[in-house]
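# Examination of the molecular architecture
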Amino acid sequence: MGTVTGLTTIMTIPMAEAVPDALVLLAWLSPGYPVGAYAYSHGLEWAVEAGDVHDEASLRDWLADVLKHGAGRSDAILAAHAHRAAAAGDAEALIAVNDLALALSPSRELHLETSQQGRSFLDATRAAWDVPRLAGLSARLDGPVAYPVAVGLAAGAHGLDRGTVLAAYLAAFLQNLVSASLRLAPVGQTAGTRVVAALMPLAASLARAVQDLPLDEAGTATVRLDLGSFRHETQYTRIFRS
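To start, this report covers the structure provided alongside it. (Residues numbered from 1 in each chain as written. Predicted model: local features only at pLDDT ≥ 70, side-chain atom pairs only at ≥ 80, totals over all residues. Heavy atoms only, no water.)

### Regarding the overall build of the chain
What counts is decided by this rule: Secondary structure elements follow DSSP: runs of H or I no shorter than four residues count as helices, runs of E no shorter than two count as strands, and numbering proceeds from the N terminus. C-alpha atoms define the radius of gyration in this analysis, and the globule rule sets the expected value at 2.2 Å times the number of residues to the power 0.38. When accessible area is computed with a 1.4 Å probe and restricted to protein chains, residues below 20% of their type maximum are described as buried, those above 50% as exposed, and intermediate ones as partly exposed. Residues are treated as being in contact if the distance between any of their heavy atoms lies within 4.5 Å. Surface exposure here means Shrake-Rupley accessible area, sampled with a 1.4 Å probe, where a residue is shielded only by the protein chains that are shown.
Along the chain, the regular secondary structure elements total 11 helices and two strands. Written out in order from the N terminus, the α and β elements of the chain read β-β-α-α-α-α-α-α-α-α-α-α-α. Taking 2.2 N^0.38 as the reference for a compact globule, 242 residues should give roughly 18 Å; the C-alpha atoms of the chain span a radius of gyration of 19 Å, in line with that estimate. By its C-alpha atoms, the chain is 60 × 50 × 35 Å across when sized along the principal axes. Per-residue burial for the chain yields a buried fraction of 48% across its 242 residues. A fraction of 80% describes how many contacts in the chain between residues 6 or more apart in sequence connect residues 24 or more apart. For the chain, the exposed surface amounts to about 11500 Å²; the carbon and sulfur share of it is 58%.

Dropping the structure here:
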C-alpha cells in the first residue's frame, strides 16, 4: 500500500524485512559497488600486450588457470577463513589471515589491487551495511586490508552462507576480468559472454572444493602472471593499474 501526495505515490517499505543472502552479494559484488575493480586487470593487460591472450580460446585458458592455480582459488581460501574468523568474532585469527593475504601478493601492483579494493570495500560496507560485529572487527584492521579478507569479514559478520559467498566472489572475479578483456579488445562481447558461461561451472566447483581447506593451502602457481605483473609496472602504454 502507498499514500498519494499530489502526483507522487509514496510506497511503504517494510524496512525490517530480511534481505536474502544472494541479494546482498549481488549488491556487494556488482560493478557499481565503489571498490574501483574496473581499474585493475590482474595482469591481463600485460598478457594481451605479450600475445599470451589474443582470442577467445586463449582468454578462456588464461582465466581458467587464474581460477584454478592463481588468485581465484587462493583468494577463496582466504575469504573462507576470514568468514570463519568473523563469524566466531575471532579478531586475532582475522588479523593473521589478512597478514598472510597481503604477504602473498607477488608484486607491488597486485598488492595495490587487493589492498585498495579491500579498504574501499570495507569502508563502503561500513557506511551502508554496518552491524556491530563488522564495526568491532574492522577496528582491528587499521592498515591495508586484502580484498578477499574484507569480503569474508563482512559476510561472516552478517551471517551470510560461506559457500554462497565464495561462489559469488569467484563469479564476480571472473566477470571483472572478462570485462577488462573487452576493453583490451582481444575479444568482443559475445565471445566474452561465452567465456563467462564456460568458466562458471569451474568457479562453482572451486567454491565447493576450497571452503574447508586449511589456510596453508592458500597461494598461487601462476608464475607467468606474476612476472607479467612486474613488467606491467613499466609497460609503455596501459589503461589499468595492474
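We are not done yet, so read on.
### Here we look at the packing of helix 6 (residues 108–129) against helix 8 (residues 147–158)
Geometrically, a packed helix pair is captured by the angle between its two axes and the distance between the axes. Note the threshold: Whenever a helix is involved, its axis is fitted only over the stretch in contact; in every case the axis is a line through C-alpha atoms, and angles between N-to-C directions fall within 0 to 180 degrees. Roughly parallel here means an angle under 35 degrees, roughly antiparallel means over 145, roughly perpendicular means 65 to 115, and every remaining angle is called oblique. As a working rule, the residues Ala, Val, Leu, Ile, Met, Phe, Trp, Tyr, Cys and Pro are called nonpolar, Asp, Glu, Lys and Arg charged, and the rest polar, with Gly in that last group.
Between helix 6 and helix 8, the shortest axis-to-axis distance is 7 Å and the interhelical angle comes to 25 degrees. As far as their axial angle goes, helix 8 and helix 6 are roughly parallel. When helix 6 is examined against helix 8, the residues Thr 114, Gln 117, Gly 118, Phe 121, Leu 122, Thr 125 and Trp 129 are found in contact with a partner set consisting of Tyr 147, Pro 148, Ala 150, Val 151, Leu 153, Ala 154 and His 158. Residues of the contact of helix 6 with helix 8, tallied by class, amount to nine nonpolar, five polar and no charged.

### Considerations on helix 11 (residues 223–232)
Here is the rule: Regarding the arc, it is the one traced by the directions from the helix axis to the C-beta atoms.
Inspection of helix 11 places Leu 225, Asp 226, Gly 228, Ser 229 and His 232 among the buried residues, and these make up the whole buried set. End-on view of helix 11: buried residues confined to an arc of 160 degrees, all on one side of the axis.

### Looking at the packing of aromatic side chains
The following threshold applies: The criterion for an aromatic pair is that two Phe, Tyr or Trp rings (for Trp, the six-membered ring) have centres within 6.5 Å, with stacked assigned to planes under 30 degrees apart, edge-to-face to planes over 60 apart and tilted to the rest.
A full pass over the atoms with the stated rule returns five aromatic pairs. Centre to centre, the rings of Trp 28 and Phe 121 are 5.7 Å apart; their planes meet at 90 degrees, and the pair counts as edge-to-face. Here Trp 28 is found in helix 1 (residues 21–28), whereas its partner Phe 121 is found in helix 6, with 93 residues between them in sequence. An identical accessibility class is assigned to Trp 28 and Phe 121; each is buried. Summarising the aromatic geometry, the rings of Tyr 147 and Tyr 169 are spaced 5.6 Å apart at their centres and angled 45 degrees between planes, so their arrangement reads as tilted. Highlighted residues: Tyr 147 in helix 8 and Tyr 169 in helix 9 (residues 162–184), separated in sequence by 22 residues. What makes Tyr 147 buried here is its relative accessible area of 13%. Tyr 169 sits in the buried class, given a relative accessible area of 4%.

### Comments concerning a nonpolar patch on the surface
This is how the line gets drawn: Patch membership requires over 30% relative accessible area and the absence of a salt bridge. Like charges are linked within 9 Å, and nonpolar side chains (Val, Leu, Ile, Met, Phe, Trp, Tyr) within 5 Å. Just to be clear on terms, a salt bridge is a Lys or Arg side-chain nitrogen sitting within 4 Å of an Asp or Glu carboxyl oxygen.
Where nonpolar side chains cluster on the molecular surface, the patch consists of Val 19, Leu 23 and Leu 26 and spans about 290 Å² of accessible area. Tracing the backbone through its elements, the reader meets Leu 26 in helix 1.

### Looking at the packing of helix 3 (residues 56–69) against helix 9
The following threshold applies: Note: crossing handedness is left-handed where the near helix turns anticlockwise from the far helix by less than a right angle, and right-handed where it turns clockwise.
Running from N to C, helix 3 and helix 9 point in directions that differ by 145 degrees, and their axes come no closer than 11 Å. In terms of crossing hand, the pair formed by helix 3 and helix 9 is right-handed. Between helix 3 and helix 9, the residues in contact are Leu 59, Leu 63, Val 66 and Leu 67 and Leu 170, Phe 173, Leu 174, Leu 177, Val 178 and Ser 181, respectively. A class-by-class count of the residues in the contact of helix 3 with helix 9 yields nine nonpolar, one polar and no charged.

### Some thoughts on the nonpolar core
Taken as a class, soluble globular proteins show a tendency for nonpolar side chains to be buried jointly. Note the threshold: The term nonpolar core refers to a set of buried residues drawn from Ala, Val, Leu, Ile, Met, Phe, Trp, Tyr and Cys, joined through side-chain atoms within 4.5 Å.
With 74 residues, the main nonpolar core has Trp 28, Leu 63 and Phe 121 as its most contacted residues. Other than its neighbours up to four places away in sequence, Leu 63 contacts Leu 174, Leu 177, Val 178, Val 195 and Leu 199.

### Topic: the environment of Ala 80
Mapped onto the elements, Ala 80 comes out in helix 4 (residues 71–88). The contact partners of Ala 80, leaving out residues within four places of it in the chain, are Arg 162, Leu 166 and Gln 211.

### Description of the pattern of salt bridges
Per the stated rule, a full pass over the model turns up 10 salt bridges. Across the salt bridge formed by Arg 60 and Asp 61, the nearest N and O atoms sit 3.9 Å from each other. For Asp 61, a relative accessible area of 46% corresponds to the partly exposed category.

So yeah, pure geometry; function would need other evidence.
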